[in-house]
Each structure stands twice: as structure tokens, then as C-alpha cells.
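Coordinates in review
Listed below, chain by chain, are the residues.
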Amino acid sequence: MDFTLKIWRQDGPQDEGRMETYPISDITGDMSFLEMMDVLNDKIIRDGQDPVAFDHDCREGICGMCSMFINGEAHGPNRKTTTCQLHMRSFKDGDTIYIEPWRAAAFPVVKDLAVDRSAFDRIIQSGGYVSVNSSGNPLDANAIPVPKDDADEAFNAATCIGCGACVATCKNASAMLFVSAKVSQLALLPQGQPERMNRVQRMVDQMDKEGFGNCTNTGACEVECPKGISLDNIARMNRDYLKSQVTGE
Amino acid sequence: MAQTGILKSSLAKKYAMAATGLFLCLFLVGHLAGNLQLFTAGADGGRQFNEYAKFMTTFPAVKILSYLTYFAVLFHLADGIVLSIQNRKARPVRYAMERPSTNAGWSSRNMMVLGTIVLVFLVTHMQNFWWQMHFGEIPMQKLDDGTMVKDLYSVVIAFFNPELNSFALLALGLYLLGQFALGFHLWHGFSSGFQSVGVRHPRYSAIIGLAGKAFSVVVPLLFSAIVVFMYFTQA
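On to the overall build of chain A. Looking only at helices and strands, chain A features 8 helices and 7 strands. Along the three orthogonal principal directions, the C-alpha set of chain A runs to about 60 × 40 × 35 Å. Sequence separation of at least 24 residues holds for 68% of the intrachain contacts in chain A that already meet a minimum separation of 6. Accessible surface for chain A amounts to roughly 10,800 Å². Of this, 49% is attributable to carbon and sulfur atoms.

Helices and strands together make up the secondary structure of chain B, namely 8 helices and 2 strands. Taking the principal axes of its C-alpha atoms as reference, chain B extends roughly 60 × 40 × 35 Å. Here chain B holds 235 residues, and 41% of them are scored as buried. Here the analysis covers contacts within chain B between residues at least 6 apart in sequence; of these, 73% occur between residues at least 24 apart. Working note: accessible area of chain B is about 12,900 Å², and carbon and sulfur atoms make up 72% of it. Put simply, chain B has 17 plus and 9 minus side-chain charges, and the middle of one group is 24 Å from the middle of the other.

Turning next to the domain arrangement of chain A. All names here are of chain A. Here chain A is described as being made up of domain 1 (3–111) and domain 2 (119–247). One C-alpha centre belongs to domain 1, the other to domain 2, and the line joining them spans 29 Å. Residue-level contacts link 20 residues of domain 1 with 20 residues of domain 2. When the two sides are added together, the surface that domain 1 and domain 2 hide from each other amounts to roughly 1,400 Å², 61% of it contributed by carbon and sulfur. Summed over the three residues of domain 1 that lose the most area to domain 2, namely Lys80, Ala106 and Phe107, the buried surface amounts to 32% of that side.

Another point: the pairing of strand S5 (residues 96–100) of chain A. All names here are of chain A. In the sheet, strand S1 (residues 3–9) pairs with S5 via 4 bridges, with the strands oriented parallel. Its bridge partner being in S5, lysine 6 is matched across the sheet by tyrosine 98. In terms of strand pairing, strand S3 (residues 69–70) meets S5 through 2 bridges, oriented antiparallel. From the neighbouring strand, isoleucine 70 faces S5, where its bridge partner is isoleucine 99.

Time to look at the confidence of the model for chain B. Low-pLDDT portions of the prediction should not be read for the details of their coordinates. Averaged over every residue, the pLDDT of chain B is 94; residues scoring 70 or more account for 97%. Below a pLDDT of 50 lies the segment residues 1–6 of chain B, which in the model reaches 11 contacts outside its immediate sequence neighbourhood of four places, other chains included.

Turning our attention to the nonpolar core. Ranked by internal contacts, the top residues of the largest apolar core, which has 43 residues, are Val167, Val179 and Phe212 of chain A. Residue assignment for this core shows that the elements contributing at least two residues are helix H2 (118–127), helix H4 (165–169), helix H5 (176–187), helix H6 (196–209) and helix H8 (232–247) of chain A together with helix H1 (10–36) of chain B. For this core, the element with the most residues is H5 of chain A, which contributes 6 residues. For this core, the two domains that each supply at least three residues are domain 1 (3–111) and domain 2 (119–247) of chain A. Residues in contact with valine 167 of chain A, not counting those within four places in the same chain, are Ala104, Phe107, Phe120, Ala173, Ser174, Ala175 and Phe212 of chain A together with Arg91 of chain B. Residues Met133, Leu152, Ala181 and Met230 of chain B belong to the second largest nonpolar core, which totals 33 residues.

Attention shifts here to the interface of chain A and chain B. Each partner contributes residues to the interface: chain A has 52 residues there, and chain B has 37 residues. It is Arg103, Asn214 and Asn217 of chain A that lose the most area in chain A upon contact with chain B, and together they represent 17% of the buried surface on that side. Where chain A touches chain B, the interface holds 2 salt bridges. For arginine 99 of chain B, the salt bridge goes to glutamate 73 of chain A, with nearest N and O atoms at 3.2 Å. Across the contact surface, chain A and chain B share 30 residue pairs in polar contact (both at pLDDT 80 or more). Within the residue set of the side of chain A that touches chain B, elements represented by two or more residues are S5, H4, H6, helix H7 (220–224) and H8 of chain A. Top contributing element to the side of chain A that touches chain B by residue count: H8 of chain A, with 9 residues. Among the residues making up the side of chain A that touches chain B, the classes are represented as 24 nonpolar, 16 polar and 12 charged.

Below, the discussion takes up the sheet that holds S5 of chain A. Residues and elements named next belong to chain A. Here 5 strands make up an open sheet; going across it, the order is S2-S1-S5-S3-S4 and the pairing mixed. The two strands at the open ends of the sheet, each matched to only one other strand, are strand S2 (18–24) and strand S4 (73–74). When S1 meets S2, the two strands line up antiparallel, connected through 7 bridges. In the strand pairing of S2, isoleucine 7 is matched with glutamate 20. In this fold helix H1 (residues 33–46) packs onto S1, S2, S3 and S5, with an angle of close to 90° to the strand it touches most, S2.

Rules of the game
- Per chain, residues are indexed from 1 in the order of the written sequence.
- To label them, take the chains in the order written and letter them from A, then take the ligands in the order written and number them from 1.
- Given that the model is predicted, a residue must reach a pLDDT of at least 70 before its local features are reported, and side-chain atom pairs must reach 80 or more before they are shown or counted; all residues, however, enter totals for whole chains, interfaces and linings.
- For side-chain calculations, the full set of non-hydrogen atoms in the structure is used, while hydrogens and water are omitted.
- Secondary structure follows DSSP: runs of H or I at least 4 residues long count as helices, runs of E at least 2 residues long count as strands, and numbering of each begins at the N terminus.
- In what follows, residue pairs with any heavy atoms lying within 4.5 Å of each other are defined as contacts.
- We get accessible surface area from the Shrake-Rupley algorithm with a probe of 1.4 Å; when it comes to residues, only the shown protein chains can shield them.
- The classification of residues rests on relative accessible area computed with a 1.4 Å probe and restricted to protein chains. Under 20% of the type maximum is buried, over 50% is exposed, and intermediate values are partly exposed.
- Residues scored as charged are limited to Lys and Arg (positive) and Asp and Glu (negative), so that His and the chain ends carry no count.
- Taken as the charge location is NZ of Lys, CZ of Arg, CG of Asp or CD of Glu.
- Domain delimitation in this document rests on an assignment produced automatically or drawn from a domain database.
- By definition, the buried area sums, over both parts, the 1.4 Å-probe accessible area that each loses when the two are put together.
- When DSSP finds at least two bridges between two strands, those strands are taken to pair.
- The quantity known as pLDDT measures the predictor's confidence residue by residue, on a range of 0 to 100.
- What we call a nonpolar core is a set of buried Ala, Val, Leu, Ile, Met, Phe, Trp, Tyr and Cys residues that are connected through their side-chain atoms within 4.5 Å.
- Salt bridges are identified by distance alone: a Lys or Arg side-chain nitrogen within 4 Å of an Asp or Glu carboxyl oxygen.
- For this analysis, a polar contact is any N or O atom pair within 3.5 Å, provided that within protein one partner can donate a hydrogen and the other can accept it, and provided that sequence-adjacent residues contribute only side-chain to side-chain pairs.
- Residue classes follow a fixed rule: Ala, Val, Leu, Ile, Met, Phe, Trp, Tyr, Cys and Pro count as nonpolar, while Asp, Glu, Lys and Arg count as charged, and any other residue, Gly among them, counts as polar.
- Between N-to-C directions, angles span 0 to 180 degrees; the directions come from axes that are lines fitted to C-alpha atoms, helices contributing only their stretch in contact.

Dropping the structure here:
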């Protein structure tokens, strides 16, 4: 298959950046999108030019490292699919494909398609954990009974891989789906209760500090999320934050 | 408590947006109940309607409610502007290629535009009736017990009477446009308000969603039906 690729090129954080066009041919439908990018970069390197920088790691759809806004959608046209799990058979021969980095003030472009997502790390650091007393005999987590439904829902929230597709796809570049998943995975479990109110406050406040936009409940994040994280989590976070503000000191 | 505090946080702005928005939905119900009298108000020359209008502008409890409503409108507006500015700043570089319709509804993506149309409607609407009732020179009407009341009914029907107001058709069109925008604004806004304050439940969310859709269709439709009725029964 042959494609025309329109790719965002940006030499560094300070560079203005521009869209550049690359024709590519001899692509098979069984190649993943990232393998297609590898073929492109191989060609660019052989031509003695600077290859397109993009993030990737596990290429199994579980690490959250790959990104790319493909043809106007985060991770491309398929649902519940990361870019690495997107295959070229999802496109038609001769298609023009737009490839852009995640766009958000809180995700500055490092180079080309790679953006700095450390804002997510700082949100986790602000409260996305359970403090454990490591005195030598920590209580076994399995010793505390957890209702099956709660465990399942916590697990569903925990499947968030932190890729940032929610931010990229939100018209407001809001991080609510990510933050609410990270708040919920602990809020649903008994181990998360002692720090529950404190956690939601800290994480929401850090989210605001990072410059993400405000949620307007369009629901685009839920649709584009490769892990199918539900808006239920956002509602839970809204509830918890309200409670923490009303009952807090 | 965290340093940023509730008034600065993004969620607080959403709570305020939801609270004022849902309060204004209640206002719409009250306003609609009043307007529905216009279907039959002609029978007694508008006496009962005018008495009602006087009650709504003078009774202390209603006055308090009306000040709450003005406040809710202004707060909803100011909050919406702040949120929109912040949201634009959150994405300084736009995408070259966007396909927003693949993942979000039209009304949810255009709340600011719809809200602005509703605001323009509201300003003209208040100038046409609210201002006239409160500060304008309008005819008086004598009730059966001898008290004099402002004849708001005559002002309203004259406004939508093509023989008395050469702009009646334009007024009708703008009124319908305002209601159209209101309907789409509510289509997203009603259920969104519940989501913003965290009211979401596997069993009840579908009911809230349906109620929101029904509300956003029925309320503007009834408001519109009243003016269409007034226009065509006089045309």
C-alpha cells in the first residue's frame, strides 16, 4: 500500500514547527502503525536526514508510551486501540494520513511527535499512592476483604496506562479522565480510604497547576481512551472533591 | 486543605456552573408555567394574567427568587467565560486535522456559542418585556375589585401582532432562534450539570439523561408554541 503522510516536524521545544509531507510506499496491511513509521525513518536516515522522533516502548498496547494524533483522532481511528496496536489495514491504499503530537499546554513538544508527559508523573506524585508503614511486618493486602464489584471497578480504573489520549482528544485539553482513574483505583479499595479526601484534593490541585483545561463533560475522552476508562470515574472524583472541600478543615 | 482552595479550583468552577445552570432550569419551569396562561389569557382581556404579573414583580418571596435568578445568570455567564478562556489557553497550538464529531456530540462542543445566542436572546427579551414592566410606560388596566394593574398582557400580544408591530415576524423568528439555541444548550447542559457535581449511578444516570433530553425538547417547544399561537391568532 502507498500513503501520503503529513507529519508534524519540530526541531525542539523552542522551534515553531511545521507540517511536512512524506510519500511512503510498499507498506503491508499487517504492519503496525509504528512499524510503518520505522520504515519511514529508515528511508529518511538513508537519505541522510533527521528521522521523525516519536515515543514508543512495549509495542504491546500496555505501556502507554506511544501517542500520536492520527487523522484527527488520538491513537487513530480504531476504538480501544493504542497506536502500536493500530495496523495499516485500517487505512485505504492511497490515503493521506495526518500525524500530529498530543496538543496541550501541559504536554510541551520535545521534538516532532514526542511530548513531555511528566505533568502526569507530578500528579501521581502529589497523591496517587497509598502510604504503607514498612516497619517490617506490613499488613498483607489480601487480609482485608474487598467486595468483588469494588475490586473489579478499581481494577478497571487501574488499567489506565497514562498515555494522555484523554488530554489530546479533549477539546479543552483536560486531564480529568486520567486523574479520576488514578483517584478512583485507590478510592474504591479499603487501603485507599485513610488518605482518600487528602488525595483527591492534592491530585486535582496539581492537575490545575499543570495547566490542563476544565472538563465540560463532552465525553470524548471516554470514547478515545485505548483502555475504555469510564466517565464514572470523573463523577466519582467530582463527588469526592466536593466532599473533601465541604468536610475538610 | 490544599493551598489553591475551592474558589480557584477547576472543579469548583464546574460546581458553580452546574448549580447555577440547574437553578436556571427551575426558573425556566416557573417562567413557562406563567407563559402558558397566555394561551387562555385573552378570555378575560388578560386581567388574570396581569394580576399574576403584578404578583410576580411585587411579592417579596418572588422578588428574592428573581434576584437569585439575576445572580445565577450573571454567575453562569462569568464562570463560563473564565472556563472558556482557560480551556483555550490549555491548547495554544491547534491540530491541523481534527475530527471532533467522531467522539463528542455537537451541542456539547458548542456550549459557548449556544450560550452566547441565548444571552443575546435574553438581553433583547428583557428589554422587550422585563424592562417595559419595571420601568416602561405601559397602559393600566382596572381589575374587577377596582385596583389598577400594569397591562403587560396588551404589551405582549401587541409585540407579536403583525398589524401593531411591523417587526412582529422578525421578533417571532428571533424568539424561535433563541429557543432553538436554548434547547441545544440544555441538551448537553442538563445532564452535564449532574455529572459535574458527581451525581452518576448505573441505575439512575439513564433516567437523568432521558429527563434532560425531554426537558431540552419540551420546554423550548412550549415556549415557542405560545408565541407562534399569539402570532398566528392575530395575523
